[in-house]
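Take a look at the letters that make up each chain.
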Amino acid sequence: MERTYLMVKPDGVQRNLIGDIVSRFEKKGFQLVGAKLMNVSKATAEEHYAEHKERPFFGELVDFITSGPVFAMVWQGENVIATARQMMGATNPKDALPGTIRGDFGVTVGKNIIHGSDSPESAQREIGIFFKEEELTEYSKSM
Ligand code: CMP
């Protein structure tokens, strides 16, 4: 079963959007297999965002993601990686359609509410950064 890593960023947590965001993925039909409210260390933030290391906004990105608690999640389901990204909307909320998470709640690209893995490789890598195997749940195959 395909899995993805989704994270409500500090702006989404502070604006009390965890429930709404979890609800969207639950109602869509995906299964939550792991979740925790946590603070991200600088080292973990730098590892997670390593591909953006050379970008001018890297420092700002690391400062932001470590500025307050995030809600880290692993979801599973058919095509969950691509579908979750559709549900999140474009990275820059100004381009995100109404009805998507960023389209409904976000204004600026830095504070864009949620992160989601962009490929199976990223999903595996990011899940491994934020979760231990024993923190992830198995569902009955009959469900
Ligand atoms: P995310 O999906 O978490 O992955 C990388 C993040 O970089 C992205 O969401 C944005 O929040 C952030 N980002 C992209 N472009 C900029 C920018 N120009 N300034 C600040 N942050 C940015």
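Residues numbered from 1 in each chain as written. Predicted model: local features only at pLDDT ≥ 70, side-chain atom pairs only at ≥ 80, totals over all residues. Heavy atoms only, no water.

The chain carries the name Nucleoside diphosphate kinase in an unreviewed UniProt entry, which gives Oikeobacillus pervagus as its organism. Per UniProt, the comment on the chain under Subunit (unreviewed entry) is "Homotetramer." Under the heading Cofactor (unreviewed entry), UniProt records this for the chain: "Mg(2+)". (UniProt positions renumbered as here; feature names shortened; annotations may be inferred.)

> Can you break down the sheet that holds strand β2 (residues 31-38) residue by residue, with the values?
One open sheet holds the 4 strands; their spatial order is β2-β3-β1-β4, and the pairing between them is antiparallel. Of all strands in the sheet, those with a lone pairing partner are β2 and β4 (114-116), marking the two edges. When the angles between neighbouring strand axes are averaged without regard to direction, this sheet yields 15°. When strand β1 (residues 3-8) meets strand β3 (residues 70-76), the two strands line up antiparallel, connected through 6 bridges. Across the sheet, leucine 6 pairs through a bridge with methionine 73, a residue of β3. Sitting on the sheet, helix α2 (residues 18-28) is in contact with β1, β2, β3 and β4, with an inclination near 5° to β3. (Pairing = 2+ DSSP bridges. Helix = DSSP H or I, 4+ residues; strand = E, 2+ residues; numbered from the N terminus. Axes fitted to C-alpha atoms, helices over the stretch in contact; angles between N-to-C directions. Contact = heavy atoms within 4.5 Å.)

> Can you lay out the site of the ligand for me, pointing to particular residues and giving the numbers?
Surrounding the ligand, one finds Lys9, Tyr49, His52, Phe57, Glu60, Leu61, Thr91, Arg102, Val109, Gly110, Asn112 and His115. Valine 109 has a polar backbone atom sitting 2.7 Å from an oxygen atom of the ligand. Interatomic distance of 3.0 Å between a side-chain N/O atom of histidine 115 and an oxygen atom of the ligand. Expressed as a share of its isolated accessible area of 460 Å², the protein-covered part of the ligand is 80%. Per-class residue counts for the shell around the ligand are 4 nonpolar, 5 polar and 3 charged. (Near = heavy atom within 4 Å. Polar contact = N/O pair within 3.5 Å; in protein donor to acceptor, adjacent residues only side chain to side chain. Areas by Shrake-Rupley, 256 points an atom, 1.4 Å probe, with all protein chains shown as cover. Nonpolar A, V, L, I, M, F, W, Y, C, P; charged D, E, K, R; others polar.)

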